[in-house]
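One letter stands for each residue in the lines below.
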Amino acid sequence: SLAWQIGGICITTVGSLAVGPITNAITAQVAPPRAIGAFFGFSAISIGLGGLGQLLGGSIYDAQRALHLPWLMGAFLASVTLCIAYLLWQAPSPTATPDYAHEVAPDIAAESGIIPSPAA
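Just so it is clear, the structure is predicted and the values come from calculations on it, not from any experiment.

Describing the overall build of the protein chain
Counting its secondary structure elements, the protein chain contains five helices and zero strands. Ordered by position from N to C terminus, the α and β elements of the protein chain give α-α-α-α-α. Of the roughly 9,900 Å² of accessible surface on the protein chain, a fraction of 73% belongs to carbon and sulfur atoms.

Take a look at the structure:
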């Protein structure tokens, strides 16, 4: 029904608002200073892949209605969740986070000549 759809949209929106800033902060923290744009570009690939998930989800929804199997979507999502949990369980854990503190980010404004360098 329409109420369930609006509820799902609201939950997804609140989740995006909660996770988005955290994802951006972690991406900026992990990325080396000269590759921040590349890291943000790579992390945005998930948005493109999300369209495939919507296509698959819609196909499963249509199949569950045609076959009169209301549990099909739940079973599919549970199986995907269990597969991801298993893969994460098997993945080696990192020993430490990368330390990029030794890399000094250049002063872009000073390099451009627009603002004089503080050392000058």
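A short note on the packing of helix α3 (residues 45–66) against helix α4 (residues 72–90)
Packing of α3 against α4 leaves a shortest axis separation of 9 Å and a crossing angle of 140°. Contacts from L56, G57, I60, Y61, A63 and Q64 in α3 reach L72, M73 and F76 in α4. The residue inventory of the contact of α3 with α4, partitioned by class, reads seven nonpolar, two polar and no charged.

Some thoughts on unusual backbone geometry
The backbone of H68 shows a phi angle near 55°, a positive value even though the residue is not glycine. Within the element layout of this structure, H68 appears in the loop between α3 and α4. Using a relative accessible area of 68% as the deciding quantity, one classes H68 as exposed.

Looking at the packing of helix α1 (residues 2–30) against helix α2 (residues 36–43)
Helix-helix packing is described using two parameters, namely the angle between the two axes and the distance between the axes. Packing of α1 against α2 brings their axes to within 9 Å, and their N-to-C directions diverge by 140°. One way to sum up the angle between α1 and α2 is to call them oblique. The handedness of the crossing between α1 and α2 is right-handed. Residues N24, T27, A28 and V30 of α1 form the contact with α2, whose own contacting residues are F39, F40 and S43.

Some remarks on the side chain of Q64
Of note, Q64 is situated in helix α3. Here Q64 is in contact with L69, P70, L72 and M73, once residues within four sequence places are set aside.

Side note on a nonpolar patch on the surface
The grouping of I22, I26, V30 and F39 at the surface amounts to a nonpolar patch, some 330 Å² of accessible area in total. Examining the composition of the nonpolar patch, we find that three residues originate from one element, α1, more than from any other. With respect to the element layout, I26 can be found in helix α1.

A closer look at the side chain of T27
Inspection of the secondary structure assignment puts T27 in helix α1. Its relative accessible area of 10% is what places T27 among the buried residues. Leaving out residues up to four positions away in the same chain, T27 has contacts with F39, F40 and S43.

Overview of α3
With 22 residues, α3 extends 32 Å from end C-alpha to end C-alpha; this agrees with the ideal 32 Å at 1.5 Å per step. For α3, the set of buried residues is G57, I60 and Q64. All buried residues of α3 lie within an arc of 65° about the axis, which places them on one face of the element. Exposed and facing more than 90 degrees away from the buried side of α3 are G48, L52, Q54, L55, D62, R65 and A66.

Considerations on the environment of F39
You can see F39 is positioned in helix α2. Judged by relative accessible area, which is 32%, F39 ranks as partly exposed. Separated by 15 residues in sequence, F39 and N24 place their C-alpha atoms 9.9 Å apart. Apart from residues no more than four positions distant in its own chain, F39 is found in contact with T27, V30, A31 and P32.

Cut-offs applied
- Residues numbered from 1 in each chain as written.
- Predicted model: local features only at pLDDT ≥ 70, side-chain atom pairs only at ≥ 80, totals over all residues.
- Heavy atoms only, no water.
- Helix = DSSP H or I, 4+ residues; strand = E, 2+ residues; numbered from the N terminus.
- Areas by Shrake-Rupley, 256 points an atom, 1.4 Å probe, with all protein chains shown as cover.
- Axes fitted to C-alpha atoms, helices over the stretch in contact; angles between N-to-C directions.
- Contact = heavy atoms within 4.5 Å.
- Nonpolar A, V, L, I, M, F, W, Y, C, P; charged D, E, K, R; others polar.
- Buried < 20%, exposed > 50% of the residue type's maximum accessible area, 1.4 Å probe, protein only.
- Parallel < 35°, antiparallel > 145°, perpendicular 65-115°, else oblique.
- Left-handed = near helix turned anticlockwise from the far one by under 90°.
- Patch = residues over 30% accessible without salt bridge, like charges linked within 9 Å, V, L, I, M, F, W, Y side chains within 5 Å.
- Salt bridge = Lys/Arg side-chain N within 4 Å of Asp/Glu carboxyl O.
- Expected span 1.5 Å × (residues − 1).
- Arc of directions from axis to C-beta.

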